[in-house]
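Structural overview for review
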Amino acid sequence: MSARRHDRPSTVRVQVCDGCCCGTERKHPGVDHAGIRSRIAAAAEHAGGHVRIVGCVDECSRSNVVIVRPAGRASARAWIGGVLDGRVVEALCEWIRNGATSPAPPEIEPLIFTRTAGTDAAPTPTPVELRVSP
Ligand code: FES
């Protein structure tokens, strides 16, 4: 398989951070973290993509962090912080359900950030067990 083919996944891919801050009741009490993960997983599955739950991606100040790679554009990652409330989650899920190939919806656009830890090259998250089901 060529590197070029690797650069063009046919489906949306999503990484949901679930490390020391993201997804924790300690930092974000009262947030339905399991529900958020499940909704994102269902949206990705609807689009024929998949979700990986990963360990800390070194952007804890922006938790909860989700990284979206649009269908067909592996090198175009959107790093999204503050995925905490229902309005944001719904907009994010709708975007993912459509492959994230269109511009990010207005609820998501202000939450997209340029990675500050290290470079904005490919993230090096540590995969952890998948705990969501669509
Ligand atoms: S726990 Fe998500 S960025 Fe650190």
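Placed above this text is the structure.
The rules behind these values
- Residues numbered from 1 in each chain as written.
- Predicted model: local features only at pLDDT ≥ 70, side-chain atom pairs only at ≥ 80, totals over all residues.
- Heavy atoms only, no water.
- Axes fitted to C-alpha atoms, helices over the stretch in contact; angles between N-to-C directions.
- Helix = DSSP H or I, 4+ residues; strand = E, 2+ residues; numbered from the N terminus.
- Parallel < 35°, antiparallel > 145°, perpendicular 65-115°, else oblique.
- Left-handed = near helix turned anticlockwise from the far one by under 90°.
- Contact = heavy atoms within 4.5 Å.
- Nonpolar A, V, L, I, M, F, W, Y, C, P; charged D, E, K, R; others polar.
- Buried < 20%, exposed > 50% of the residue type's maximum accessible area, 1.4 Å probe, protein only.
- Lys, Arg positive; Asp, Glu negative; His and termini not counted.
- Salt bridge = Lys/Arg side-chain N within 4 Å of Asp/Glu carboxyl O.
- Pairing = 2+ DSSP bridges.
- Right-handed = clockwise from strand over helix to strand, strands pointing away.
- Expected span 1.5 Å × (residues − 1).

**Notes on the packing of helix α2 (residues 33–46) against helix α3 (residues 86–97)**
Look at α2 against α3: their axes get within 7 Å of each other, and the N-to-C directions meet at 20°. When the axes of α2 and α3 are compared, the pair comes out roughly parallel. In this structure, the crossing between α2 and α3 has a hand that is right-handed. Side by side, α2 and α3 meet where Ile36, Arg39, Ile40, Ala43, Ala44 and His46 of the first sit next to Gly86, Val89, Glu90, Leu92, Cys93, Ile96 and Arg97 of the second. Within the contact of α2 with α3, the residues separate by chemical class into eight nonpolar, two polar and three charged.

**Quick look at unusual backbone geometry**
Of note, the bond from Ser63 into Asn64 is cis; its omega dihedral lies within 30 degrees of zero at 0°. Relative to the assigned elements, Asn64 resides in the loop between β2 (50–54) and β3 (66–69). A positive phi angle is found at Asp58, which is not glycine, with a value near 65°. Tracing the sequence through the fold places Asp58 in the loop between β2 and β3. Look at Ala100: it is not a glycine, yet its phi comes out positive at around 55°. Looking at where Ala100 falls in the secondary structure, it is placed in the loop between α3 and β5 (112–113).

**With respect to the side chain of Arg115**
For Arg115, the location among the structural elements is in the segment after β5. Buried and unpaired, Arg115 has no salt bridge, with Glu59 as the nearest side chain of opposite charge at 4.2 Å.

**Observations regarding the pairing of β2**
When strand β1 (residues 13–17) meets β2, the two strands line up parallel, connected through five bridges. Following the sheet pairing, Cys17 is matched in β2 by Val54. At this point the chain moves from β1, through α2, to the parallel β2, and the crossover so formed is right-handed.

**Observations concerning α3**
Relative to the 16 Å expected for 12 residues at 1.5 Å per residue, α3 spans 16 Å between its end C-alpha atoms, a close match to the ideal helical length. Within α3 the residues assigned to the buried category are Val88, Val89, Ala91, Leu92, Cys93, Trp95 and Ile96. Of the surrounding elements, those touching the buried residues of α3 are β1, α2, β3 and β4 (78–80). Gly99 occupies a position one or two residues after α3 and carries a positive phi of about 85°.

**Digging into the sheet that holds β4**
A sheet is described by the order of its strands in space; here five strands give the open sequence β2-β1-β3-β4-β5, paired in mixed fashion. In this open sheet, the two strands that pair with only one neighbour each are β2 and β5. In this sheet, β3 lies alongside β1 in antiparallel orientation, the contact comprising four bridges. Its bridge partner being in β3, Val14 is matched across the sheet by Val68. Lying over the sheet, α2 contacts β1, β2 and β3, oriented at roughly 150° with respect to β2. Strands β1, β3 and β4 of the sheet are contacted by α3, whose axis makes an angle of about 20° with β3.

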